[in-house]
Each structure stands twice: as C-alpha cells, then as structure tokens.
Amino acid sequence: MEAEEELQVASPIQNCVSTDYSLPRLRFDVPPHRTYHFRNQFITPSNPNNFLKAVKWSPDGSCFLTTSDDNTLRIFTLPDSETATLLDASQSDDDSFAASLVMSEGEPIHDFCWYPYMSASDPVTNVFATTTRDHPIHLWDATSGQLRCTYRAYDNMDEITTAFSVAFNPAGTKIFAGYNKCIRMFDLHRPGRDFELYSTAKDKKEGQTGIISAIAFSPSHTGMLALGSYSQTTGIYREDNMELLYVLHGQEGGITHVQFSRDGNYLYTGGRKDPYILCWDVRKAVDCVFKLYRSSESTNQRILFDIDPSGQHLGTGGQDGLVHIYNLQTGQWVSGFQAALGT
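To start, this report covers the structure provided alongside it. Treat the numbers as computed from the prediction; the structure is a model and nothing was measured.

Looking now at the overall build of the protein. Check the secondary structure of the protein and you find one helix and 24 strands. Taking contacts inside the protein between residues at least 6 apart in sequence as the whole, the part at least 24 apart equals 46%. As presented, the protein carries roughly 17800 Å² of accessible surface, and 49% of it is formed by carbon and sulfur atoms.

A few words now on the sheet that holds strand E4 (residues 101–104). Read from one edge to the other, the open sheet built from four strands follows the order E1-E2-E3-E4, with strand pairing classed as antiparallel. Of all the strands in the sheet, the pair left with one neighbour each is strand E1 (52–57) and E4. Averaged over all adjacent pairs, the angle separating strand axes in this sheet is 20°, with direction ignored. Relative to E4, strand E3 (residues 72–77) runs antiparallel, the two being bridged by four bridges. Looking at E4, one finds that Arg-74 is bridged to Val-102.

Turning to empty space enclosed by the protein, a few remarks are in order. Evaluation of the coordinates by the stated rule reveals one cavity of 30 Å³ or more. Of the volumes computed, that of the largest cavity is approximately 40 Å³. If you trace the largest cavity, you find it lined by Gln-232, Thr-233, Thr-234, Leu-248, His-249, Gly-250, Gln-251, Ile-255, Thr-269, Leu-278 and Trp-280. Mapped by element, the contributors of at least two residues to the lining of the largest cavity are strand E15 (233–238), strand E16 (244–249) and strand E19 (276–281). Looking at side-chain class alone, the lining of the largest cavity contains four nonpolar, seven polar and no charged residues.

Moving on, we get to the pattern of salt bridges. A complete count under the given rule lists eleven salt bridges for this structure. Note that Arg-148 and Asp-141 form a salt bridge whose closest N and O atoms lie 3.2 Å from each other. You can call Arg-148 partly exposed: its relative accessible area is 23%. For Asp-158, the salt bridge goes to Arg-193, with nearest N and O atoms at 2.9 Å. A residue pair is termed long-range when its members are at least 10 positions apart, and Asp-158 in the loop between strand E8 (147–151) and strand E9 (165–168) and Arg-193 in the loop between strand E11 (182–187) and strand E12 (196–199) qualify at 35 residues. The exposure class assigned to Arg-193 is partly exposed, which follows from its relative accessible area of 40%. Linked through salt bridges whose partners overlap, the residues forming this network are Arg-238, Asp-240 and Glu-243.

Let us look at the packing of aromatic side chains. Counting across every chain of the model gives 14 aromatic pairs. Pairing Tyr-36 with Phe-97 gives two aromatic rings, centres 5.4 Å apart and planes at 75°, and the pair type is edge-to-face. Pair noted here: Tyr-36 is in the loop between helix H1 (12–15) and E1 and Phe-97 is in the loop between E3 and E4, with a separation of 61 residues, a long-range link. Judged by its relative accessible area of 23%, Tyr-36 is partly exposed. Ring geometry for Phe-38 versus Phe-64: centroids 5.9 Å apart, planes at 65°, classification edge-to-face. Within this pair, whereas Phe-38 is found in the loop between H1 and E1, its partner Phe-64 is found in strand E2 (residues 63–68), the two being separated by 26 residues in sequence. Taken together, the ring pairs in this structure connect Tyr-36, Phe-38, Phe-42, Trp-57, Phe-64, Phe-76 and Phe-97 into an aromatic cluster. Its guanidinium or amino end placed over the ring of Tyr-154, Arg-193 lies 3.8 Å from that ring's centre, counting from NZ or CZ.

Analysis parameters
- Residues numbered from 1 in each chain as written.
- Predicted model: local features only at pLDDT ≥ 70, side-chain atom pairs only at ≥ 80, totals over all residues.
- Heavy atoms only, no water.
- Helix = DSSP H or I, 4+ residues; strand = E, 2+ residues; numbered from the N terminus.
- Contact = heavy atoms within 4.5 Å.
- Areas by Shrake-Rupley, 256 points an atom, 1.4 Å probe, with all protein chains shown as cover.
- Pairing = 2+ DSSP bridges.
- Axes fitted to C-alpha atoms, helices over the stretch in contact; angles between N-to-C directions.
- 1 Å grid on protein atoms, 1.4 Å probe; cavity = no way out; pocket = protein on both sides within 12 Å on 5 of 7 lines; lining within 4 Å.
- Points joined across faces, edges and corners; volume = space filled by probe spheres on them.
- Nonpolar A, V, L, I, M, F, W, Y, C, P; charged D, E, K, R; others polar.
- Salt bridge = Lys/Arg side-chain N within 4 Å of Asp/Glu carboxyl O.
- Buried < 20%, exposed > 50% of the residue type's maximum accessible area, 1.4 Å probe, protein only.
- Phe/Tyr/Trp six-rings, centres within 6.5 Å; stacked < 30°, edge-to-face > 60°.
- Lys NZ or Arg CZ within 6 Å of the ring centre and 35° of its normal.

So, in structure tokens, the structure goes:
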C-alpha cells in the first residue's frame, strides 16, 4: 500500500445534528442483570484459553468492538430495539448472537479507538483505528470489515516502529500515536508515512520519558490533552503545538489509562500494579483530589475505567472480577457487583 489515495472522511461539523434527548437514569440500588452473553465464539479448538482483552462502545451506541488474546477484532451490533427480545442470559451458556464482523490483526493489539463522529448510518464515518505489534496503524471500515488504509512510522533504520497508544483528536482530523519518548501526529486524510514528530523527553528535569501508553483529550474545547507514560507520569500538553504545561506524579505503576471528566476540569489516571485511580484537578494540578480503589495491585493488565454519560459516576473493573461504581462529586463508593469470576 505504498501509493495510498487521500482518505475522504466527512467533516464533523457537517455531521453534527442537534438532537434533544434525555440521559438514562442509572439506579445503583438495584443489582444489574445480564442482558446478553458472549463466550463460545471466542473459544476455538486451536485456542481454548483465549480471553477477552478490551471492549469499547461505538460513539453512536449502535455496536461495540472487542479485542482478544487471539489478535482478533469483533464487532457486535445490537439488535433493533423494536424487534429484539431481551434474553435471560443467566439461564443459558449459549451466545446471545454472533459478531457481525470479525477481523484478524495477526499480532497482539496494543490499542484501538473509534472515530469520534462515527455513525453506523454513514459508512464514510464508520471507522476505527488500531495499533498492533510490528505493524503500522490500521484504519478499519466497520461496515465492511476491510482495511481502509495505514499510517506508518519509521525509525532511524527505516523500519516500521509500532505505536503503543492511539487516539483521534476532538476535531476528528488527526490521529495521535504514542511511541517511546515521543508522539507522532498523522493527518487522517493523508495515509502513508507523513507525520509530525514531537519528543516528550526534553531533559532530565522536564518532560516524560518511557513509552507513551495512554492518550486522552479534554472534551471542554480547551485544547489540552493528557499523555500517560510507563515512566509513572502523566503530562498535560497543548494540542496545537504540544507544549508541555505540567507533569503529574503519584501513580505507583506505569500509566495504562487516562480520561478527562465530562467538563474537562478533572483528570483520572490509572496504572498497572497500582490499586488506585487518581483524580486530579487540572486547574490546580498540585495534589491528588482523591483516590478510587480497585483490585489491580498485582497485574500488568490494562484495566480500563469509564465515566457515565451524565459525568456523575465512574465505573471500573478489577482483577477480582468486581465492578465498582464511584460518585465523582465526593469520591465515595456507591455500588458494586460481581461481573466475572476474576483472573
């Protein structure tokens, strides 16, 4: 794919439609029940010990994307709400339904992300990006399952170098990718080997060393982004020129996930072999506001967490199979339930 054509993706401004809707009311006093169940299609005779690694909802909520230890991507499209019959998954070991698309990467998948303005009804925007060991960044078509194009970074030996994290900027025009001590920015509309390179390691006193393992953008249009590093630091940068604003210290392990609050005033960071998610006020960024416990002190796994649409609660898993829900106004534990048998 040396001569790749310029990719055409619709402008996010053209795709924005003003829609009036109300957020669902979440009740944590009622134990949740399984609606759908998926297991058998992940297990094959050649790989009986395959396991799920990560799940991410599409921005339009129509489907979700999974990665697993067999280096495979699977898209599960939810049934039509008018015709779907909610199954009592607790009474059956059968899969609720099959994946609508299955794509093989061939090598371990480091990270993946949806295009922020993705809509299943618009095939032009229905894409996601992945980064895989010994491969360039891939942009996949979530309608057909075909590889649309690649974004390639080369080292000093002119060999492909692998990104460890990947994210779209809020405008949906660039792909930010994390490497060892640097960030590379690719123009979404120009696949190939053209990119902007920014070093994160300025000197011994400033900047971030190590692998840039997590990327998150502020949703409040402040132009800030956060980069997590395996060097146990999180850096806050300006998106337009990658100026380093400050570095946060305090995580006990290498950073595996960073996420801003809905209003962009707070940042949440989590690390491997670290039992706490730390909350930071990015307007002050002096001390940790509070810590949220989860069972992850003895694993190198990338355990994700997420914030509900209202921005009031954070949910996180753990190696013990428990899901914890925290109130982000107070930092207090609200609820929890056993989602899996643990590791």
